Amino acid sequence: RAKAGPKARQVGRKKVANNAAQNADVVAKADFERQGGSFYDDMSKLTGLFEFMTQRDRNDIAHLKRIRCGAFCLYFFLTMLTLVSFHFVKPPDKEYFCRLGVYQALSDTGPQPFNQIRSPPEVWTWLETAIPKQVFINTSSLRRSNLLVGTLRIWMQQVKDESAAACQENVPTTSGIKCLSEDYNKNTAGTEDLKAVKAFWDNGTAKNATLNGDDGRSNNTFPYKFLTDAEGLAKGMFSESAMLSSYDASGYLLAYETQFVNLTDSYAAYLADMKALRKAGWISKRTRALHVSLTAYNPNFDYWVTSWFMLEFPVTGIVYPHSDVDLYRPVYDRATKVGLPILSLDVCRFILIGFVLFYEVTWQAKFKTSKLNIEDKKKPGCCMSLLYYSFSWRGILDLGAISCFLAVFFIRYLTGPLNSFTGKLQTQYLNALQAVASKTMMDWYRDHMITEAVLFGLLAMRLLSCLQLNRNMYVLWKTCAVAASRYVRFCLVLIPCICGFVLLVQSFSRAYSMQYRTFWSSLTSVLMGLLGDTGALTHDTATRPITTVYLLAFYMIISLLCVNTWIAVLVQEYQKVRVSSGYRCKDYHWKEYDYITWFLFPLMKKGYLKLRPSIRPNVEEDEV
């Protein structure tokens, strides 16, 4: 080392600089300690930086003790049994073809397809061609594969005669203008006897044939006599909500037995009635709705098919046709090969649901409240614990699954509509008016199967929540949960934007497209637009400048801004959860002690540890 010269002076300057820096650090540290501060305290004042620097110290493993082997097995067997039950009740590839055969036979037969009806003459054409050819001819495609049961019902609903009181308020009463009521209800319904129809029905031939039951006509219904809602329900009519309005079970009813011995006479009587009713003006400008109801049984598939065709007659002069053809069958029928298996599955599920309620739900509620009230001496009672647990996502899934199963079980076995009626098949159901409950049974069947599907979804979600034992599943599950909770606040912006687009598209498309006829149908179309479906915008509206503005604004605000915001939130939360849950990954790497703790009961675990005490960990780590 140089003793003199430039290099010697350079080394000396470095020593002086280092000593000065060290002295400055010592002084700064002494001043910091005299002020009573610490690095942790100062960092905690910087919220964003503090959260970022300490996220690895969270060590999120508290959820591991909430997941038990018994709960996993419980939800697994419940999910599998629900899936098997759904398969037994609704086997694949049967319902579609069974329904399609009945629907096409009644809607597409003859010169006038049902869905293309737009005027009263077309209504009469469909009634005079498709209905008699399929219902009253043994060789028809409908009768070749199905057994028609009960009666064919045709009922009409009309409003009162035109008057000035039915007009809008701004129409002057002195103008002499009279209007018909727009909606059909108990206040506007026309209830008088139809004299022209009564004159035909009361003549000698028709009257004697009807009273004696010689031609298949029902001997207790008359198309000229008004039936109240209660009387209509007793004779097989029903109330229903349609496209334009809701209708009760009142009206003028015409019924024919579908199992009449001489179908040739029934065919001739039906055509004679249609011609006479058409001549008498049974369907007029006062008519608001026409219903056609029929029930069929398919013995090959063991399904009952209820057909309901409705034609609405608004004051605009056009006819709106729509139909509801659906099927059902008794869920529990001892005469079938799947009756007892379904009952056995439901009994097993009933027992398991009891375990969920009295074992899992109560334990989870106590666990959650015990962690919430660690510092409190007085802990909440059982009812308060269950109430608090019911507002958590686990509680929502558990209580929702319990409610859905009890609803399914109640509908199947306690209400009666879906019980066995095989013994009544030849004695009651095929004769007279036993098909009165067919529409109700179809609704019960459809609703209870929808509830069954919801039950399966809730159980599957609850089963997946038990897979959070795996770190990757926990990260994905918590990411979606946290992101969803944050995105709820963004809905305060998203929902008004969606409503604004709904009103905007209604302003220029309501009169041109049926998809935008009401607010809720417009909302559905706008939501479908999120997936790129803009087919509801017709050519007439697509050529307008406002349509271009709507599509451009919808794409910019909803597709680019809202959707990408959700993706950004999801990515951010995934990164935060992944870091906070990955500091001590060894907590997810189980050893022998962890396996016996999770799989064995407490007494079995104690016995196992006596045989192998060496596997017990030396230090029990606390949850963070």
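Anything mentioned here points back to the structure above.
Scope of this entry: the structure provided in the associated data block. (Residues numbered from 1 in each chain as written. Predicted model: local features only at pLDDT ≥ 70, side-chain atom pairs only at ≥ 80, totals over all residues. Heavy atoms only, no water.)

1. A few points about a nonpolar patch on the surface
Among the surface-exposed residues, Leu-552, Tyr-555, Met-556, Ile-557, Leu-560 and Leu-561 lie close enough to one another that they form a single nonpolar patch of about 550 Å² accessible area. Positionally, Tyr-555 belongs in helix 20 (residues 545–580). (Patch = residues over 30% accessible without salt bridge, like charges linked within 9 Å, V, L, I, M, F, W, Y side chains within 5 Å. Areas by Shrake-Rupley, 256 points an atom, 1.4 Å probe, with all protein chains shown as cover. Salt bridge = Lys/Arg side-chain N within 4 Å of Asp/Glu carboxyl O. Helix = DSSP H or I, 4+ residues; strand = E, 2+ residues; numbered from the N terminus.)

2. Points about helix 4 (residues 69–89)
With 21 residues, helix 4 ought to run about 30 Å at 1.5 Å a step, and its terminal C-alpha atoms sit 30 Å apart, in line with that. Among the residues of helix 4, Cys-69, Ala-71, Leu-74, Tyr-75, Leu-78, Thr-79, Leu-81, Thr-82, Ser-85 and Val-89 are the ones counted as buried. (Expected span 1.5 Å × (residues − 1). Buried < 20%, exposed > 50% of the residue type's maximum accessible area, 1.4 Å probe, protein only.)

3. A word on the nonpolar core
It is characteristic of soluble globular proteins that their nonpolar side chains tend to be buried jointly. By size, the foremost hydrophobic cluster in this structure holds 101 residues, and its most contacted members are Trp-126, Leu-127, Tyr-270, Trp-282 and Leu-290. When residues in this core are grouped by element, the largest group, 8 residues, is from helix 16 (residues 438–465). Leaving out residues up to four positions away in the same chain, Leu-290 has contacts with Val-123, Leu-127, Ile-154, Trp-155, Met-156, Trp-282, Ile-283, Phe-309, Met-310, Leu-311 and Phe-313. Counting residues in hydrophobic clusters, the runner-up holds 14 residues, among them Ile-498, Leu-523, Ile-558 and Cys-562. (Core = buried A, V, L, I, M, F, W, Y, C linked by side-chain atoms within 4.5 Å. Contact = heavy atoms within 4.5 Å.)

4. Thoughts on the state of the cysteines
Disulfide: a covalent bond formed between the sulfur atoms of two cysteine residues. Within this structure, the stated rule accounts for 1 disulfide. Linked covalently through their sulfurs, Cys-167 and Cys-179 form a disulfide whose S-S length is 2.1 Å. In this structure, the disulfide formed by Cys-167 and Cys-179 twists by about 100 degrees around the S-S bond and is classed as right-handed. Of this pair, Cys-167 sits in the loop between strand 1 (147–158) and helix 8 (195–201) while Cys-179 sits in the loop between strand 1 and helix 8, and the two are 12 residues apart along the sequence. According to the relative accessible area criterion, Cys-167 is buried, its value standing at 13%. Lacking any disulfide linkage, Cys-466 is separated from the closest cysteine sulfur, that of Cys-73, by 9.4 Å. (Disulfide = S-S within 2.5 Å.)

5. Things to note about the pairing of strand 1
Within strand 1, 11 of the 12 residues are buried, which leaves it mostly tucked inside the rest of the structure. In this sheet, strand 6 (residues 287–298) lies alongside strand 1 in antiparallel orientation, the contact comprising 9 bridges. Within strand 6, the position partnered with Gln-158 by the bridge is Thr-287. Sheet topology places strand 1 next to strand 5 (residues 251–257); 6 bridges connect them, and they run antiparallel. (Pairing = 2+ DSSP bridges.)

6. Structural notes on the packing of helix 21 (residues 592–599) against helix 22 (residues 602–611)
Helix packing geometry: the angle between the two helix axes and the distance between the axes. Axis separation between helix 21 and helix 22 bottoms out at 8 Å; the angle between their running directions is 155 degrees. One finds that helix 21 runs roughly antiparallel with respect to helix 22. For the crossing formed where helix 21 meets helix 22, the hand is right-handed. Listed contacts from helix 22 to Glu-592, Tyr-593, Ile-596 and Thr-597 of helix 21 are Lys-605, Tyr-608 and Leu-609. Looking at the contact of helix 21 with helix 22 residue by residue, the classes come out as 4 nonpolar, 1 polar and 2 charged. (Axes fitted to C-alpha atoms, helices over the stretch in contact; angles between N-to-C directions. Parallel < 35°, antiparallel > 145°, perpendicular 65-115°, else oblique. Left-handed = near helix turned anticlockwise from the far one by under 90°. Nonpolar A, V, L, I, M, F, W, Y, C, P; charged D, E, K, R; others polar.)

7. With respect to the packing of aromatic side chains
A full pass over the atoms with the stated rule returns 26 aromatic pairs. For the pair Phe-226 and Tyr-252, a centre-to-centre distance of 5.7 Å together with 70 degrees between the ring planes defines the contact as edge-to-face. Here the residue Phe-226 occupies a position in strand 2 (residues 226–227), and Tyr-252 occupies one in strand 5, the gap between them amounting to 26 residues. A residue is classified by how much of its surface remains accessible, and Tyr-252, at 0% relative accessible area, is buried. Centroid distance Phe-350 to Phe-409: 5.2 Å. Interplanar angle 35 degrees. Geometry classified as tilted. With Phe-350 in helix 12 (residues 339–372) and Phe-409 in helix 14 (residues 393–413), this residue pair connects regions lying 59 residues apart in the sequence. (Phe/Tyr/Trp six-rings, centres within 6.5 Å; stacked < 30°, edge-to-face > 60°.)

8. Considering the environment of Asp-229
Here Asp-229 shows up in helix 10 (residues 229–234). Separated by 43 residues in the primary sequence, Asp-229 and Lys-186 have C-alpha atoms spaced 8.7 Å apart. With residues up to four places along the chain from it excluded, the contact list for Asp-229 reads Asp-248, Ala-249 and Ser-250. Here Ala-249 takes part through its backbone nitrogen, which lies 2.8 Å from a polar atom of the side chain of Asp-229. (Polar contact = N/O pair within 3.5 Å; in protein donor to acceptor, adjacent residues only side chain to side chain.)

By themselves these figures say nothing about function.
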